[in-house]
Structures are given as structure tokens and as C-alpha cells.
Amino acid sequence: MLKIMSVFGTRPEAIKLAPVIKELQQHPSTIKSIVAVTAQHRQMLDSVLNVFAIQPDHDLNIMKNNQGLSDITCEVLKSIEAIYEQEQPDLVLVQGDTTTVFAASLAAYYQRIPVGHVEAGLRSHNKHHPFPEEINRCLTSVMAHLHFTPTHDAKTNLLNEGVREDTIYVTGNTVIDALLDVAARDFKFDNDLLNDIKGRMVLITAHRRENFGKPFNDICDAIITLAHKYPNITFVYPVHLNPNVRNVVYPLLGNISNIILIEPLEYVSFVHLMKRAYIILTDSGGIQEEAPSINKPVLILREVTERPEAVRAGIAKLVGTYPTSIITETTRLLEDTKEYTRMTHIPNPFGDGHAAQRIVALIKHKLIQNKDTVTKKSSNVCAENRR
Ligand code: UD1
Ligand code: UDP
């Protein structure tokens with residue numbers, strides 16, 4: 001029996017690991033699936049656990065209000081150790097680039113437990129954008145034994161860093177599995193403000209640490225200008241629970257009649273809100289991947305992206321955080337129907353909804369049939385991963 005421990009802490013990790021956990025549970029004769037949450041996010045994590053009916057076996061409950069990066073790193077590192085010691089998993093699975101991912105991988109490395117990294121290989125090639133995610137994922141790649149990349153671009157990034165080709169698997173992104181599951185569910189918004197929206201709607205999310213300060217104020221200025229320019233369009237912004245976001249967004253955008261500020265939505269509602277949107281403005285990673293699957297143009301509120309596939313395909317545009325650029329590109333999409341139609345007819349480059357099945361099949365194959373390559377407590381766990 002293989003013991004696979006999925007470790008995660010935030011909303012996007014939970015959404016993207018949920019399909020993998022569900023698939024691990026489909027193999028009870030060969031796999032024992034264990035779920036450990038750090039709860040780097042509390043409410044936003046619990047909401048996803050609820051949507052996908054996942055019951056954690058271990059909950060480290062580390063979140064503190066306005067936590068710092070060192071707080072998260074130290075808390076995860078210290079508290080996950082005992083769980084690893086108790087469970088002795090054959091593989092720790094992590095997803096993405098949060099501080100939970102980096103610290104849970106480091107703790108596994110310290111105990112010589114192999115790490116499987118889902119959504120491996122994304123790179124912006126700029127260590128401050130996004131911050132600290134670019135460094136979190138680079139460091140995780142150095143420690144991981146199995147790299148499940150969403151795209152061929154991501155595989156190339158790992159090869160360029162010297163990762164051995166026979167440890168890299170292009171699987172598609174598991175967020176598409178989650179999205180297709182949820183988008184098919186019956187649904188009505190609890191909030192009548194959302195049910196009653198008439199006409200076109202622009203959906204906004206923004207939460208990145210590197211945008212705190214002036215960039216965030218600039219994004220809000222652009223939204224204010226757009227809301228005044230287009231009084232018949234509704235702008236909906238589910239505001240992230242990070243106080244650094246809320247303390248800026250509520251005072252600046254709170255009193256404009258066609259801007260609706262709401263609490264973060266649970267995943268099913270959010271997916272249906274994306275489907276209802278005309279355009280999405282976001283600095284989120286996951287939303288850049290989801291929007292093309294539901295044919296929504298995305299304007300990315302960042303200077304660089306580690307997901308160039310959608311920009312290259314033409315369904316997403318990098319607009320940065322300067323108001324003029326955000327206003328110009330949003331106006332273009334609202335007024336130029338030809339450009340809008342062109343952007344909405346592009347296939348999703350991130351996956352086909354079967355990534356989780358591929359990942360679990362590969363884990364079984366690698367761990368059962370190829371124990372020489374990924375061996376628990378191997379004497380040379382790092383070296384075997386690099387060329
Ligand atoms: C984190 C990740 C980021 C990811 C994002 C997804 C790091 C460093 N950052 O950023 O990569 O894109 O999650 O949303 O790993 N809070 C709550 N309740 C919650 C969640 C957050 O109150 O359920 C508040 C707390 O005050 C918390 C703060 O938000 O201290 C920041 O949370 P944190 O996880 O440190 O950063 P995020 O900006 O959420
Ligand atoms: N999301 C959600 N509710 C919201 C906003 C976003 O469920 O109110 C989902 C979204 O569909 C995507 C994920 O959360 O799957 C993205 O999370 P976030 O933007 O917080 O993090 P990132 O992807 O940037 O790391």
C-alpha cells in the first residue's frame with residue numbers, strides 16, 4: 001500500500017489538489033490518501049474543503065491575521081514535522097507556489113521523504129514578480145522528485161534548470177478538472193445583488209503582495225474611472241480577506257453605485273460569476289488559467305506572468321497596473337466587438353480536465369514499478385533529480 005500525503009494551505013492549492021485527492025481515493029487497494037492542511041488560509045480554505053467534501057486528517061491551523069512570510073514558513077516547518085514522523089508517507093504531494101508549498105517541501109526533504117510537485121515549472125524569470133511565489137516554486141523544484149507540469153513551456157523551464165527529463169510529466173493543469181466539475185453543477189447565487197445584475201459585468205480580483213502600495217491604488221483609480229465612464233456596466237469585486245487588500249479597496253471603491261464589493265465567494269459561486277462576466281480583470285494565477293475554458297477575455301493586472309500560454313494564444317493580455325493601460329485595454333474590449341469576439345474564440349492551452357487521472361497513474365507507476373528512481377529514505381534524494 002502506498003501512503004500519499006497531500007499537503008496544502010490556501011484556497012488555490014485546495015481547488016487544484018481537490019481533483020487529485022478525489023482520484024487518489026479511487027484506488028483504495030493500492031493507495032492510502034492522507035490529507036494535511038496547514039490552514040495558511042482559514043475561511044477561504046474551509047470554503048473549498050466544503051465544496052469538494054474533503055475532510056483533512058491533520059489540520060495545523062497556522063493562520064494569523066496579517067501574517068508575515070517568516071511566520072508562515074516557520075509555523076509550517078515546525079508543525080508539519082510531527083505529522084510526517086507519525087504518518088511516514090511514501091510521497092508528499094504539494095501544489096503550486098505558496099509559502100506552504102515551499103515549507104512543506106523543505107520539511108519533507110529534511111526527513112528524506114520524496115516530494116511530488118503539481119503545477120511544476122511555472123516561471124516568470126523575475127524573482128520579485130510575483131513575490132514570493134517565483135522563489136517558492138524555484139526552491140520547490142530543487143527539492144521535488146516528481147514534477148507534474150501543466151504545459152510544455154513549464155517542462156522546458158525545468159529542463160533549462162537541469163531537472164532530469166524522466167522526472168517531468170506534462171499532465172495539464174488540475175484547475176481545469178476542478179472547473180469542469182463545478183461548472184456542471186446546478187446553481188443560483190445566494191446574493192440577490194448578483195442575481196439582479198442587468199447588462200454587461202466586469203469581474204475584478206486582485207491580491208498580489210508585489211502590488212501592495214502604489215500599484216494597488218493605481219488599479220483602484222483605473223476601476224473608478226471605468227465605473228464613471230460606463231455607468232450602465234456593473235463592476236463586481238470579491239475582495240480577498242488579506243487586510244492589505246481590504247484596507248485599500250473598501251475606502252476607495254466602497255461608495256460607487258455601479259461597483260459591487262463582496263466577500264470572497266465560495267468556488268461554485270465564483271465559477272458561475274466568471275461565466276456571467278463579460279471581461280475579467282485580475283492579478284490571480286488560477287483565474288488566468290480558468291477564464292479561457294469559459295471563453296472569457298482576461299486583462300492581467302501584472303507586469304509579468306508565469307503563464308505566457310494564454311497571452312500567446314491571444315485570450316489574455318498583460319496590462320500591468322498603470323491606470324492608463326488598464327483603462328485603454330478595458331475600453332477596447334468593451335467597445336470593439338470584433339476584438340472581443342476574436343479573444344473569446346481561442347482554445348484553452350492549460351488542460352483537458354483529465355490532469356488528476358494522469359498524475360495519479362504516474363504516481364502509481366513510478367512508486368510501485370520504479371522504486372529505484374523514487375525511493376523513500378534514499379541516500380541521495382536530491383542528486384537523483386538533476387542531470
Ligand atoms: C497567499 C499566497 C499567494 C496566493 C494567495 C491565494 C503566499 C506567501 N501567498 O497569499 O501565493 O496567491 O494566498 O489567495 O503563500 N486571510 C484571512 N482568511 C483567509 C485567508 C487570508 O483572514 O481565509 C487574511 C489573514 O489576515 C492573513 C492574510 O489574509 O494573514 C494573508 O494571507 P496569506 O496567506 O499570508 O497571503 P495571501 O495574500 O492570501
Ligand atoms: N476564487 C474563488 N472565489 C473568489 C475568487 C477566486 O473561489 O472569490 C478561485 C478562482 O476561481 C481560482 C482561485 O480561487 O480557482 C484563485 O485563487 P487566488 O486568486 O486567491 O490565488 P492565485 O491563483 O493567484 O494563487
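You'll find the structure just up there.
Residues numbered from 1 in each chain as written. Chains lettered and ligands numbered in written order. Predicted model: local features only at pLDDT ≥ 70, side-chain atom pairs only at ≥ 80, totals over all residues. Heavy atoms only, no water.

Undergrad: Looking at this model, I keep getting lost on the packing of helix 4 (residues 99-110) against helix 5 (residues 133-143). Mind explaining?
TA: What describes two packed helices is the angle between their axes and the distance between those same axes. As a packed pair, helix 4 and helix 5 sit with axes 9 Å apart at the nearest point and diverge in direction by 25°. When the axis of helix 4 is compared with that of helix 5, the two are roughly parallel. In the crossing of helix 4 with helix 5, the sense of the turn from one axis to the other is left-handed. In contact with Thr99, Val101, Phe102, Ser105, Leu106 and Tyr109 of helix 4, helix 5 contributes Asn136, Leu139, Thr140 and Met143. Each residue belonging to the contact of helix 4 with helix 5 can be placed in one class, and the counts come to six nonpolar, four polar and no charged. (Axes fitted to C-alpha atoms, helices over the stretch in contact; angles between N-to-C directions. Helix = DSSP H or I, 4+ residues; strand = E, 2+ residues; numbered from the N terminus. Parallel < 35°, antiparallel > 145°, perpendicular 65-115°, else oblique. Left-handed = near helix turned anticlockwise from the far one by under 90°. Contact = heavy atoms within 4.5 Å. Nonpolar A, V, L, I, M, F, W, Y, C, P; charged D, E, K, R; others polar.)

Undergrad: Where do I start with the environment of Ala103 in this structure?
TA: The topology assignment puts Ala103 in helix 4. Relative accessible area serves as the criterion here: at 0%, Ala103 is assigned to the buried category. Spatially, the C-alpha atom of Ala103 lies 12 Å from that of Val115, the residues being 12 residues apart in sequence. With sequence-adjacent residues up to four places away left out, Ala103 is seen in contact with Thr73, Val76 and Leu77. (Buried < 20%, exposed > 50% of the residue type's maximum accessible area, 1.4 Å probe, protein only.)

Undergrad: Please explain the site of ligand 2 as it appears in this structure.
TA: Every one of the 16 residues lining ligand 2 counts as a neighbour, but Arg11, Leu265, Ser284, Gly286 and Glu290 are closest to it. In this structure, Arg11 approaches ligand 2 through a side-chain N or O atom, which is 2.7 Å from an oxygen atom. Within the backbone of Leu265, an N or O atom sits 2.7 Å from a nitrogen atom of ligand 2. In isolation ligand 2 offers 540 Å² of accessible surface; the protein chains occlude 94% of this area. Listing elements by their share of the shell around ligand 2, those giving two or more residues are helix 1 (11-24), helix 11 (267-276) and helix 12 (285-290). Ranked by residues supplied to the shell around ligand 2, first place goes to helix 12 with four residues. Grouping the amino acids of the shell around ligand 2 by side-chain chemistry returns nine nonpolar, four polar and three charged. (Near = heavy atom within 4 Å. Polar contact = N/O pair within 3.5 Å; in protein donor to acceptor, adjacent residues only side chain to side chain. Areas by Shrake-Rupley, 256 points an atom, 1.4 Å probe, with all protein chains shown as cover.)

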